[in-house]
Amino acid sequence: MIAGMNEQDLMAYIIFGLILNFTFSILFGMYLSKNIGMQEMIELKGDKEQSLFVSLSLFIPYAKMIVTLYRVAILQIFFLDKGYTHKEFWIYMTTNQLNKLD
């Protein structure tokens, strides 16, 4: 038993969480590519690497999905509601320099 559940149940939660993550990630990627354009996304992509937490969250059920939903919330609350565009969000997410938005 791990954390009060059988190993099979834990693996089922992990697999279901990964499936949900990939579903949300694909839908979010399609949404961004529709609003920005695939070619422009490729041209504007920076060299920012994901944090260690994001990489390790693959092993925690639903954590990766929560990270994706957090990015959706950042897009809506801090970018679209303040008048920024999807393109500026993409630059923010993929570059290390914070002043790229100016």
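Right, let's walk through the structure included here.

What counts, and at which threshold
Residues numbered from 1 in each chain as written. Predicted model: local features only at pLDDT ≥ 70, side-chain atom pairs only at ≥ 80, totals over all residues. Heavy atoms only, no water. Helix = DSSP H or I, 4+ residues; strand = E, 2+ residues; numbered from the N terminus. Buried < 20%, exposed > 50% of the residue type's maximum accessible area, 1.4 Å probe, protein only. Contact = heavy atoms within 4.5 Å. Areas by Shrake-Rupley, 256 points an atom, 1.4 Å probe, with all protein chains shown as cover. Patch = residues over 30% accessible without salt bridge, like charges linked within 9 Å, V, L, I, M, F, W, Y side chains within 5 Å. Salt bridge = Lys/Arg side-chain N within 4 Å of Asp/Glu carboxyl O. Axes fitted to C-alpha atoms, helices over the stretch in contact; angles between N-to-C directions. Parallel < 35°, antiparallel > 145°, perpendicular 65-115°, else oblique. Left-handed = near helix turned anticlockwise from the far one by under 90°. Nonpolar A, V, L, I, M, F, W, Y, C, P; charged D, E, K, R; others polar. Phe/Tyr/Trp six-rings, centres within 6.5 Å; stacked < 30°, edge-to-face > 60°.

1. Quick notes on the overall build of the chain
Scanning the chain for helices and strands turns up five helices and zero strands. Among the 102 residues that make up the chain, the fraction classed as buried is 25%. For the chain, the share of sequence-separated contacts (at least 6 apart) that also reach a separation of at least 24 residues comes to 61%. When the accessible area of the chain is evaluated, it comes to approximately 7,300 Å², of which 65% is carbon and sulfur surface.

2. So, a nonpolar patch on the surface
A cluster of nonpolar side chains, Phe 22, Ile 26, Leu 27 and Met 30, forms an exposed patch at the surface whose accessible area comes to about 430 Å². With respect to the element layout, Met 30 can be found in helix α1 (residues 7-36).

3. Remarks on the packing of helix α4 (residues 63-80) against helix α5 (residues 86-94)
Relative to each other, α4 and α5 sit at 125°, their axes nearing to 10 Å. Judged on the interaxial angle alone, α5 and α4 are oblique. By crossing handedness, the relation of α4 to α5 is classed as right-handed. Across the interface between the two elements, Arg 71, Ile 74, Leu 75, Phe 79 and Leu 80 from α4 touch His 86, Glu 88, Phe 89, Tyr 92 and Met 93 from α5. For the contact of α4 with α5, a count of residues per class yields seven nonpolar, one polar and two charged.

4. Describing the packing of aromatic side chains
Tallied over the full model, the rule gives four aromatic pairs. Between Phe 28 and Phe 89, the ring centres sit 6.1 Å apart and the planes meet at 70°, which makes this aromatic pair edge-to-face. Of this pair, Phe 28 sits in helix α1 while Phe 89 sits in helix α5, and the two are 61 residues apart along the sequence. Judged by relative accessible area, which is 13%, Phe 28 ranks as buried. Classification of Phe 89 as buried rests on a relative accessible area of 1%. Summarising the aromatic geometry, the rings of Phe 79 and Phe 89 are spaced 5.4 Å apart at their centres and angled 80° between planes, so their arrangement reads as edge-to-face. In this pair, Phe 79 is assigned in helix α4 and Phe 89 in helix α5, connecting sequence segments 10 residues apart. The pair formed by Phe 79 and Phe 89 is uniform in burial state, with each residue classed as buried.

By themselves, these observations are geometric and do not establish any function.
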